[in-house]
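Working through the structure, step by step
The lines below spell out each chain.
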Amino acid sequence: MPLDHTAKGVYVIAPTPFHPDGRVDDDSTDRMTDFFLQSGCDGMTILGVMGEAPKLDGAESLEISRRIIRRAGKAGIIVGVTAPGFAAMRSLARGVMEAGAAGVMIAPPSHLRHDEAIIGYFHQAVEAIGSDIPWVLQDYPQLFQVQMTPGIIRRIVTELPSCVMLKHEDWPGLEKISALRKFQAEGTMRPISILCGNGGIFLDFEMERGADGAMTGYAFPDMLVELVRLAQARERDRAHDLFDAHLPLIRYELQPGVGLGVRKYVMMRRGILTSDAQRRPGAAITAKAREEVEYLLARVGRHDPRARLKPAG
């Protein structure tokens, strides 16, 4: 089904599995897709920041997307189509939608420095991909260096009806969620789905501020599913207890530069990936970092059996 403003739950950010020699690992891709959906995720977002999309060529991006879409069945698959030029963006967007994707995600290029330039860019992006494709606005100023105020987001949502979701990754960003939900309550902005990223590090309070769920890639997406459900059920203490147990590992995984290596390593330890390899340029985490991650897993495992893994061999 096409993505719309009612989307909620967990749309897990999927890494791209690779063999140590850099080839795409199809078997791990299938196993990962199955695991995410069996864990209760409502959908997946692929070819995002942590999906190593810039390391893939156009044909690989489309083939990986088609494979996951086929495997996922009715689950919603969102595909990151951010590209330096609109021709590549249009080609991938049209290709994945024809394959059955639910929608696409677009981030602003880092050179945008004023409000009209930001709004103009997204008008051009929608013109390029087609106004019939539902899309997610990615707001990640720490990475993309583009500041979008609640007012600018409201203008984008108002002027471009095919924008149905915000991927919220501003930091600090709790007040932004509150401002956007206030716009909706006042009737000055139509409803949109808000899913949150940043490794889930603020998800406990983001849910309380009005977020609809998570769009992030923590190595325990099954925990994110449980946390979102507890928050939606207003079981505040249980939600925060679960979150607190995982917070040290969430924080460790959120480190710039090494976070993807940590995430892939834990997913390998959980039996989801065959290898924690990244395509070059990229490197595995060090032996010392693996030791620290194992320590954190043991600590999380005191409170959550999902982290009680067999010793690394």
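Above this text you will find the structure in question.
Figured I'd write up the structure that's included with this text. All values reported here derive from a predicted model rather than from experimental measurement. The numbers attached to residues start from 1 for each chain and follow its sequence in the written order. Only residues with pLDDT of 70 or above have their local features reported here, since the model is predicted, and side-chain atom pairs are shown and tallied only from 80 upward, although totals for entire chains, interfaces and linings are computed over all residues. As a convention, hydrogens and water are excluded, and side-chain values are obtained from all of the structure's heavy atoms.

As for the nonpolar core
To form a nonpolar core, buried Ala, Val, Leu, Ile, Met, Phe, Trp, Tyr and Cys residues must be joined to one another through side-chain atoms within 4.5 Å. Exposure categories follow from relative accessible area, calculated using a 1.4 Å probe and restricted to protein chains: below 20% of the type maximum is buried, above 50% is exposed, and the middle band is partly exposed. Core analysis: the biggest nonpolar cluster contains 90 residues, and Ile 106, Phe 122, Trp 135 and Ile 156 have the highest contact counts within it. Helix and strand labels come from DSSP, where a helix needs a run of H or I of at least four residues and a strand needs a run of E of at least two; each type is numbered from the N terminus. Of the residues forming this core, the biggest block, 7 residues, is contributed by helix H4 (residues 115-129). The contact rule is simple, with two residues in contact once any of their heavy atoms fall within 4.5 Å. If we skip the residues at most four places from it in the chain, Ile 106 touches Val 81, Thr 82, Met 89, Tyr 121, Phe 122, Ala 125, Ile 129, Trp 135, Val 136, Leu 137 and Gln 138.

As for the packing of helix H3 (residues 86-99) against H4
Contact pair H3 / H4: the axes reach a minimum separation of 8 Å and the direction vectors enclose 50°. Considered as vectors, H3 and H4 are oriented oblique to each other. The way H3 lies across H4 gives a crossing that is right-handed. For the pair H3 and H4, contact is made by Phe 86, Met 89, Arg 90, Ala 93 and Arg 94 and by Tyr 121, Gln 124, Ala 125, Ala 128 and Ile 129, respectively. Lines are fitted to the C-alpha atoms to define the axes, a helix being fitted only along its stretch in contact, and any angle between axes, read from their N-to-C directions, falls within 0 to 180 degrees. In these notes the angle categories are as follows: under 35 degrees is roughly parallel, over 145 is roughly antiparallel, 65 to 115 is roughly perpendicular, and the rest is oblique. Rotating anticlockwise by less than a right angle from the far helix to the near helix defines a left-handed crossing, while the corresponding clockwise rotation defines a right-handed one.

What about helix H10 (residues 236-253)?
Compared with an ideal rise of 1.5 Å per residue, which puts 18 residues at 26 Å, H10 spans 24 Å between its outermost C-alpha atoms and is within 8% of the ideal. What is called the bend at a residue is the angle between a pair of axes, fitted to the seven residues leading up to and ending at it and to the seven starting from it. At Leu 247, H10 shows its largest kink, close to 50°, and the proline Pro 248 lies no more than four residues downstream. Where H10 is buried, its residues touch helix H8 (203-209), helix H9 (221-232), helix H11 (259-269) and helix H12 (287-301). Every helix has an expected span of 1.5 Å times one less than the residues it contains.

Brief notes about the sheet that holds strand S3 (residues 76-80)
Strand-to-strand pairing in sheets goes through backbone hydrogen bonds, with the strands running parallel or antiparallel. Pairing in this closed barrel of 8 strands is parallel, and the strands run S1-S2-S3-S4-S5-S6-S7-S8 around the ring. DSSP calls a pair of strands paired once it identifies at least 2 bridges connecting them. Pairing between strand S1 (residues 9-13) and strand S8 (residues 213-214): 2 bridges, direction parallel. The residue of S8 that forms the bridge with Gly 9 is Gly 213. Set on the sheet, H3 makes contact with S3 and strand S4 (103-106); between it and S4 the angle comes to about 155°.

Topic: the pattern of salt bridges
The salt bridge criterion pairs a side-chain nitrogen of Lys or Arg with a carboxyl oxygen of Asp or Glu, the two atoms within 4 Å. Counted according to the given criterion, the structure contains 25 salt bridges. Residue Arg 71 pairs with Asp 34 through a salt bridge whose shortest N-O separation is 2.7 Å. Of this pair, Arg 71 sits in helix H2 (residues 58-72) while Asp 34 sits in helix H1 (residues 26-38), and the two are 37 residues apart along the sequence. By relative accessible area, Asp 34 is classed as partly exposed at 23%. A salt bridge links Arg 279 to Glu 60; its shortest N-O distance comes to 2.9 Å. Here the residue Arg 279 occupies a position in the loop between H11 and H12, and Glu 60 occupies one in helix H2, the gap between them amounting to 219 residues. In this structure Arg 279 comes out as buried when scored by relative accessible area, which is 14%.

Examining the side chain of Ser 28
Topologically, Ser 28 is positioned in helix H1. You can call Ser 28 buried: its relative accessible area is 1%. Ignoring anything within four residues of it in the chain, the contact list for Ser 28 reads Pro 17, Ile 272, Leu 273 and Thr 274.

Looking at the packing of aromatic side chains
The rule is short: rings of Phe, Tyr and Trp, with Trp giving its six-membered ring, pair when the centres are within 6.5 Å, and they are stacked under 30 degrees, edge-to-face over 60, tilted in between. Applying the stated criterion across every chain yields a total of 7 aromatic pairs. Ring geometry for Tyr 140 and Phe 144: centres 6.0 Å apart, planes at 85°, overall edge-to-face. Overall, Phe 144 belongs to the buried group, its relative accessible area being 16%. Grouped by ring-pair contacts, the aromatic residues Phe 86, Tyr 121, Phe 122 and Trp 135 constitute a single cluster. Only Lys NZ and Arg CZ are tested; either one counts as a charge over a ring when it is within 6 Å of the ring centre and within 35 degrees of the ring normal. Looking at Arg 154, its charged tip hangs above the ring of Phe 183, at a distance of 3.8 Å from the centre.

Comments concerning empty space enclosed by the protein
Definitions used for this entry: grid spacing 1 Å over protein atoms alone; cavity, a set of points where a 1.4 Å probe fits but cannot get out; pocket, an open set with protein on both sides within 12 Å along at least 5 of 7 lines; lining residue, one with an atom within 4 Å of a point. Grid points are joined across faces, edges and corners, and a volume is the space filled by probe spheres set on the points. Here the structure, examined in full by the defined rule, presents 1 cavity of 30 Å³ or more. Within this model, the largest cavity holds a volume of roughly 30 Å³. Lining the largest cavity we find Ala 14, Pro 15, Thr 16, Pro 17, Met 32, Ile 46, Leu 47, Ile 64 and Ile 68. In this classification, the charged set is Asp, Glu, Lys and Arg, the nonpolar set is Ala, Val, Leu, Ile, Met, Phe, Trp, Tyr, Cys and Pro, and all remaining amino acids, among them Gly, are polar. Among the residues making up the lining of the largest cavity, the classes are represented as 8 nonpolar, 1 polar and no charged.

Things to note about the layout of surface pockets
Within this model, the largest pocket holds a volume of roughly 1100 Å³. Lining of the largest pocket is provided by 48 residues; of these, Gly 48, Val 49, Met 50, Pro 54 and Leu 143 occupy positions nearest its centre. Grouping the constituent residues of the lining of the largest pocket by class yields 25 nonpolar, 16 polar and 7 charged. Within this model, the second largest pocket holds a volume of roughly 280 Å³. Along its surface, the second largest pocket is lined by 13 residues, and Met 207, Glu 208, Ala 231, Gln 232 and Arg 234 are the ones closest to its centre. Counting residues per element, the ones that place at least two in the lining of the second largest pocket are H8, H9 and H10.

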